[in-house]
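Each chain is listed here by its residues.
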Amino acid sequence: MAPLPDRMTQRLESSERYRQLVIGLDAMEWLLVEQWMGQGKMPTFQRLVQQGVRASLRSVSEQLPDTVWPAVFTGANPAKFEKYFYVQYDPATAGLKHVSDDVIQTRPFWEYLSDAGVPVGVVDAPHAKASRQLKGFQVANWGSHATKTSRVSTPPELLAEIDRRFGKHPVGDCDATDCQPKALAGLKQRVLDGVRKHGELFRWVMRTREWETLVVAFSAPHCIGHHFWHWLDPQHPRHGEKDEYGLADAIELVYRAIDRELGQMLEMVDSRTRVMLVAAHGMGPIYHASWNLPEILELLGYGRTPHESRPGSGARSAKSEPKRTAKVNPWRVLKMVLPGRLQYAIKAMLPRWAADELLFRWYAGDRNWKGLRAFAIPNNDTVGAIRISVRGRDHAGLVEPGEPYRALCREISDRLMELTDPVTGRHVVKKVTLLHEEFQGPFVDGLPDLTVLWETSFPWSQLHSPVFGTLDIRRQDGRTGSHSDHGFALMYGPEVPHGQVLDECTLYDVAPTILANAGVPTPGHMDGRSLTARWPQQ
């Protein structure tokens, strides 16, 4: 059956309509869940896996990590969003612009439920603005991670009541914390306190508010994974640092705390409620050369002065090649040196234009892209992004659209896939995506043209190209963890099969699943299909 139009919001005539509790787990890593379930440390997750359905979700974190939650909530690919990152390239000016989550106009699934008369509740959905009209309630950005929208609620008095009962969320801005162990010890405790407060808040709204579908999200896995990954990962170069403050178990303690809070929430659901847990991406180590892409593109011959590939250079040993040390962005070094709280205090005193300029310099240096056919633009760190200067599309564009554009994209992709670690000989680029081939929608021309997913399965700090030799990469990140390229969903409740595993699913399938459970048709803009159609019928 063809998808129904966006405004078709009547509930389908069916007896199979379920109450739903949807729980987001921001950047929770399935491999860690699996490990700690096997050790008996996460019994709630173990119960859900044994008595429900697990789906592996292909994630747009492979290309545009900041779009994962909008993709979950709207069922749509990133070419249908006005925003792919909060610092975004502007093709009209060939500059950068600061973009909030508020600009995304594609409707989330809870608005379709509300239109169909389903009472809904939404609390701390990541990267989601407050809906203007809702049959139910919503709390935006009380304790979400890095969500660029206002801290508001519907009705307005709800947020004030939450603040009176629970106080402010204890973490605040996760990245305002210094990277020193003493400061991280304080962050660890605040994150654990945040898990407890989130659990208390979620159970309070479950008891006191009217809802048929409730959407809530734990933000803690995101923050704790970014800052504590090296304490957990024995492969990480910084693993084994002296642990005076008991930081090595931080991620495990947070995951286990969420498991306990979930257990208490599940005790409150009735026999007609389906439960769905969703992680839109995971977490892993941060090894990448995204900050070095401008220099790499120049060395590959895409700068203002094209470089020639040295004759026979591809056949020479990487170890015999001359080495060069990669350039660094001084603004990134400054950010690594200055204490986080001082940075945020300075930011708060600056006018908006000055704060934006500092942010733009941190991401892209001097941004001197004039005369370049291809150049690096900001994206979430572990996935590099490249823009092609296309005539008629980009300000002062250079490359003809059509086949010349496609040929240049393929050429750059091939050169990047040749990059290897000279120590191990392994490739350091996992995947290059041509986004115009991957995504379709009205905003596709605003996206990067290529994204570079770096290999994070082993540590590397150099890269070798047959074109320019070996480049030593200098660390420009304070954090040690970043996003992995996969997500997962767990479903539990009435008529859900036990112990089933679904493969080849995507983030886009989550929203149609929730709508199907409520008897609401799938809108035409959604790119996925309900997971319930894929499991064996009992």
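Residue numbers here run from 1 along each chain, matching the order of that chain's written sequence. Totals for whole chains, interfaces and linings use all residues, but because this is a predicted model, local features are given only for residues with pLDDT of at least 70 and pairs of side-chain atoms are given and counted only at 80 or more. Water and hydrogen atoms were dropped before computing side-chain values, which therefore reflect all heavy atoms in the structure.

Points about the overall build of the chain
- From N to C terminus, the chain includes 15 helices and 20 strands.
- Here the radius of gyration uses the C-alpha set of atoms, whereas the globule reference equals 2.2 Å times the residue count to the power 0.38. Taking 2.2 N^0.38 as the reference for a compact globule, 538 residues should give roughly 24 Å; the C-alpha atoms of the chain span a radius of gyration of 24 Å, in line with that estimate.
- When the backbone C-alpha atoms are referred to their principal axes, the chain occupies close to 70 × 55 × 50 Å.
- Exposure is judged per residue with a 1.4 Å probe applied to protein chains only, and the accessible area is read against the type maximum: over 50% gives exposed, under 20% gives buried, and values in between give partly exposed. Each of the 538 residues in the chain was classed as buried or not, and the buried ones make up 58%.
- When contacts within the chain are restricted to residue pairs at least 6 apart in sequence, those whose partners lie at least 24 apart make up 73%. Numbering of helices and strands runs from the N terminus; a helix is a DSSP stretch of H or I covering at least four residues, while a strand is a stretch of E covering at least two. Any two residues having at least one pair of non-hydrogen atoms within 4.5 Å are treated as being in contact.

Things to note about the side chain of D259
- Mapped onto the secondary structure, D259 falls in helix α8 (residues 250–266).
- Of the side chains with opposite charge, R260 lies nearest to the buried D259, which makes no salt bridge, at 7.0 Å. Residues scored as positive are Lys and Arg, those scored as negative are Asp and Glu, and His as well as the terminal groups of each chain are ignored. The rule for a salt bridge is simple: a side-chain nitrogen of Lys or Arg has to be within 4 Å of a carboxyl oxygen of Asp or Glu.

A word on the confidence of the model for the chain
- When pLDDT is averaged along the chain, the result is 91; 93% of the residues meet or exceed 70.
- What pLDDT expresses is the predictor's confidence in each residue, scored from 0 to 100. Contacts from residues 1–9, a stretch scored under 50 in pLDDT, to residues over four places away or in other chains number 19 contacts.
- Contacts from residues 308–316, a stretch scored under 50 in pLDDT, to residues over four places away or in other chains number 12 contacts.

Observations concerning the state of the cysteines
- By convention in this document, the label disulfide applies to cysteine sulfur atom pairs within 2.5 Å. In the structure shown here, the tally under the stated rule is one disulfide.
- One disulfide bridge connects C174 with C223, the sulfur atoms lying 2.1 Å from each other. Disulfide C174-C223: torsion about the S-S bond near 85°, hence right-handed. A residue pair is termed long-range when its members are at least 10 positions apart, and C174 in the loop between α5 (156–166) and α6 (181–208) and C223 in helix α7 (residues 220–232) qualify at 49 residues. Considered together, C174 and C223 belong to a single accessibility category, that of buried residues.

Regarding the sheet that holds strand β17 (residues 469–472)
- In space, the three strands of this open sheet follow the order β11-β17-β16, with mixed pairing throughout. Edge positions in the open sheet fall to β11 (323–325) and β16 (462–465), since each of these has one partner strand only. Each strand axis lies, on average, 25° off the axis of its neighbour in the sheet, ignoring direction.
- Note: β11 against β17, three bridges, orientation parallel. Within β17, the residue paired with T325 across the bridge is D472. When DSSP finds two or more bridges between two strands, those strands count as paired. Between N-to-C directions, angles cover 0 to 180 degrees, with each direction set by a line fitted to C-alpha atoms, over the stretch in contact for helices.

Topic: the layout of surface pockets
- Only protein atoms enter the 1 Å grid, on which a cavity is a set of points fitting a 1.4 Å probe that cannot get out and a pocket is an open set with protein on both sides within 12 Å along at least 5 of 7 lines, lining residues being those with an atom within 4 Å of a point. Grid points are joined across faces, edges and corners, and a volume is the space filled by probe spheres set on the points. Looking at the second largest pocket, its volume works out to about 760 Å³.
- Every residue lining the second largest pocket is counted, 34 residues in all, and those nearest its centre are P294, E295, A364, D366 and W369.
- Of all the secondary structure elements, the ones that give two or more residues to the lining of the second largest pocket are α9 (293–302), α12 (352–364), β12 (374–377) and β13 (383–388).
- Top element by residues in the lining of the second largest pocket is α9. It accounts for six residues.
- Classification convention: Asp, Glu, Lys, Arg as charged; Ala, Val, Leu, Ile, Met, Phe, Trp, Tyr, Cys, Pro as nonpolar; all other residues, Gly among them, as polar. In terms of residue class, the lining of the second largest pocket is made up of 17 nonpolar, 10 polar and seven charged.

Here's the deal with empty space enclosed by the protein
- A full pass over the atoms with the stated rule returns three cavities of 30 Å³ or more.
- What the largest cavity holds in volume is close to 70 Å³.

So, the pattern of salt bridges
- Following the criterion strictly, the structure yields 33 salt bridges and no others.
- Residue R479 pairs with D175 through a salt bridge whose shortest N-O separation is 3.2 Å. With R479 in the loop between β17 and β18 (481–482) and D175 in the loop between α5 and α6, the pair connects residues that are 304 residues apart, well separated along the chain.
- Across the pair R361 and E357 runs a salt bridge, and its minimum N-O distance is 2.8 Å. A residue pair is termed a helical-turn pair when its members lie 3 or 4 positions apart in one helix, as R361 and E357 do in helix α12 at four residues.
- For R361, a relative accessible area of 32% corresponds to the partly exposed category.
- On the basis of relative accessibility, which here comes to 23%, the residue E357 falls in the partly exposed class.
- It is possible to trace a salt-bridge network through shared partners that takes in R58, E62, K431 and E438.

Regarding the packing of helix α10 (residues 330–337) against α12
- Contact pair α10 / α12: the axes reach a minimum separation of 7 Å and the direction vectors enclose 110°. Classified by the angle between their axes, α10 and α12 sit roughly perpendicular to one another. Only L358, R361 and W362 of α12 make contact with α10, whose side of the interface consists of W331, R332 and K335.
- Among the residues making up the contact of α10 with α12, the classes are represented as three nonpolar, no polar and three charged. Any angle that falls under 35 degrees is termed roughly parallel, while one over 145 is termed roughly antiparallel, one within 65 to 115 roughly perpendicular, and all others oblique.

A look at α9
- Along α9, eight of the 10 residues are buried, which leaves the element largely enclosed by surrounding structure.
- Looking only at α9, the buried set comprises L293, E295, I296, L297, L299, L300, G301 and Y302.

Observations concerning the packing of aromatic side chains
- What counts as a ring pair is set by centres within 6.5 Å for rings of Phe, Tyr and Trp (its six-membered ring), and what kind of pair is set by the plane angle: stacked under 30 degrees, edge-to-face over 60, tilted for all other angles. Scanning the entire structure with this criterion turns up 18 aromatic pairs.
- Measuring from centroid to centroid gives 4.9 Å for W30 and F488, while their planes differ by 55°, and the two rings are tilted. With a gap of 458 residues between them, W30 in helix α1 (residues 30–38) and F488 in strand β19 (residues 486–492) connect regions that are remote in the sequence.
- With a relative accessible area of 9%, W30 lands in the buried category.
- Through pairs of rings, three or more aromatic residues link up here, namely F85, Y86, W291, W362 and Y363.
- Its guanidinium or amino end placed over the ring of W211, R19 lies 3.7 Å from that ring's centre, counting from NZ or CZ.
- Either the NZ atom of lysine or the CZ atom of arginine qualifies as a charge over a ring when it sits within 6 Å of the ring centre and within 35 degrees of the ring normal. The lysine or arginine in question, K148, covers the ring of Y86, its NZ or CZ lying 4.5 Å from the ring centre.

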